[in-house]
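Each chain, letter by letter, is given below.
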Amino acid sequence: FLMASRRALCAAVGVLSLALARGSAIDNLVMGSDPRKPIETDRALLCHACRAIVHQTDHKFRHLPKRSTADVIDFLDEVCNVKYLKIYESIPPKMKKGCEDFLATHGGDEIEAALTAGGEGASDKLCLELTNVCEGIEWKKPNLPGYEGYVPPEPKEPDAKPKMGKKKKKKKKGTDRPQAASKDEL
């Protein structure tokens, strides 16, 4: 009986291994969305990315009386970083993909000029009038209290190596006294 059980187990393992090797068992497995699945860029994602780019650019240069085109161009190189995209409707990796695709498709002098001008209505001008990516798409501002005044945290500079102090070894109780000699040592 034990030998038959081992044979059945080996046969089952062999069949399972063959199925896994062919991929048929894994291909039909359904357990939620596949994290390896490529992110598809649709118009809604491009719209949200456009609005996020305008919002982040306005935030970046909020303290300057006038923006320079060179500063805006430099910021566009980093605006698609996930650290800037955590408050929007889609998850940061999806927003990053939308942001990169938006800039690749619509980036250019007109976009840079609109972002350099900034101000009230910049989001509508860029995302509705110039690029038309938000036409017919409802824009939901992030659901955060005080969104209009939201200030994303500035990236932290990595600290220098922390100073490592010498650790003091703890003394065991009774080890600072000389040990008495045993009878065998005498």
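Above: the structure in question.
Residues numbered from 1 in each chain as written. Predicted model: local features only at pLDDT ≥ 70, side-chain atom pairs only at ≥ 80, totals over all residues. Heavy atoms only, no water.

Draft legend 1. Representation of the state of the cysteines in the model. Evaluation of the coordinates by the stated rule reveals three disulfides. Here Cys-47 engages in a disulfide with Cys-134; their sulfurs sit 2.0 Å apart. Handedness of the Cys-47-Cys-134 disulfide follows from its S-S torsion of about 110°: it is right-handed. Here Cys-47 is found in helix α3 (residues 43–60), whereas its partner Cys-134 is found in the segment after α7 (122–130), with 87 residues between them in sequence. For Cys-134, a relative accessible area of 2% translates into the label buried. Between Cys-80 and Cys-99 runs a disulfide, and the two sulfur atoms are separated by 2.0 Å. Every disulfide takes its handedness from the sign of the S-S torsion; for Cys-80 and Cys-99 that torsion is -80°, giving left-handed. (Disulfide = S-S within 2.5 Å. Helix = DSSP H or I, 4+ residues; strand = E, 2+ residues; numbered from the N terminus. Buried < 20%, exposed > 50% of the residue type's maximum accessible area, 1.4 Å probe, protein only.)

Draft legend 2. Summary view of a negative patch on the surface. A surface patch of negative charge is lined by Asp-71, Asp-74, Asp-77 and Glu-78. Considering the arrangement of structural elements, one finds Asp-74 in helix α4 (residues 69–76). A relative accessible area of 48% places Asp-74 in the partly exposed class. (Patch = residues over 30% accessible without salt bridge, like charges linked within 9 Å, V, L, I, M, F, W, Y side chains within 5 Å. Areas by Shrake-Rupley, 256 points an atom, 1.4 Å probe, with all protein chains shown as cover. Salt bridge = Lys/Arg side-chain N within 4 Å of Asp/Glu carboxyl O. Lys, Arg positive; Asp, Glu negative; His and termini not counted. Charge placed at Lys NZ, Arg CZ, Asp CG, Glu CD.)

Draft legend 3. Molecular detail of the environment of Leu-103. With respect to the helices and strands, the residue Leu-103 is situated in helix α5 (residues 92–106). Not counting chain neighbours up to four residues away, the residues in contact with Leu-103 comprise Ile-53, Leu-76, Val-79 and Cys-80. (Contact = heavy atoms within 4.5 Å.)

Draft legend 4. Quick look at the environment of Phe-102. By the element assignment, Phe-102 lies in helix α5. Judged by its relative accessible area of 0%, Phe-102 falls in the buried class. Sequence separation between Phe-102 and Cys-80 is 22 residues; the distance between their C-alpha atoms is 10.0 Å. In contact with Phe-102, not counting residues within four places along its chain, are Leu-46, Ala-49, Cys-50, Ile-53, Gly-107, Thr-131 and Val-133.

Draft legend 5. Up close: helix α6 (residues 109–117). When α6 is considered as a whole, its buried residues turn out to be Ile-111, Glu-112, Ala-114, Leu-115 and Thr-116. Turning to α6, the residues buried within the fold contact α3, α4, α5 and α7. In the segment just after α6, Gly-118 is the residue with positive phi, at about 55°.

Draft legend 6. View of the side chain of Ser-90. Relative to the helices and strands, Ser-90 resides in the loop between α4 and α5. Judged by its relative accessible area of 15%, Ser-90 falls in the buried class. Ignoring sequence-local partners within four residues, the contact set of Ser-90 consists of Leu-45, Leu-85 and Met-95.

Draft legend 7. Examining the packing of aromatic side chains more closely. Here the structure, examined in full by the defined rule, presents two aromatic pairs. Consider the rings of Phe-61 and Phe-75, whose centres lie 6.0 Å apart with planes at 80°: the pair is edge-to-face. On the criterion of sequence distance, the pair formed by Phe-61 in the loop between α3 and α4 and Phe-75 in helix α4 is long-range, its members being 14 residues apart. When its relative accessible area of 3% is taken as the criterion, Phe-75 is described as buried. Their ring planes at 75° and their centres at 5.4 Å tell us that Phe-75 and Tyr-84 sit as a pair that is edge-to-face. A network of ring pairs unites the aromatic residues Phe-61, Phe-75 and Tyr-84 as a single cluster. (Phe/Tyr/Trp six-rings, centres within 6.5 Å; stacked < 30°, edge-to-face > 60°.)

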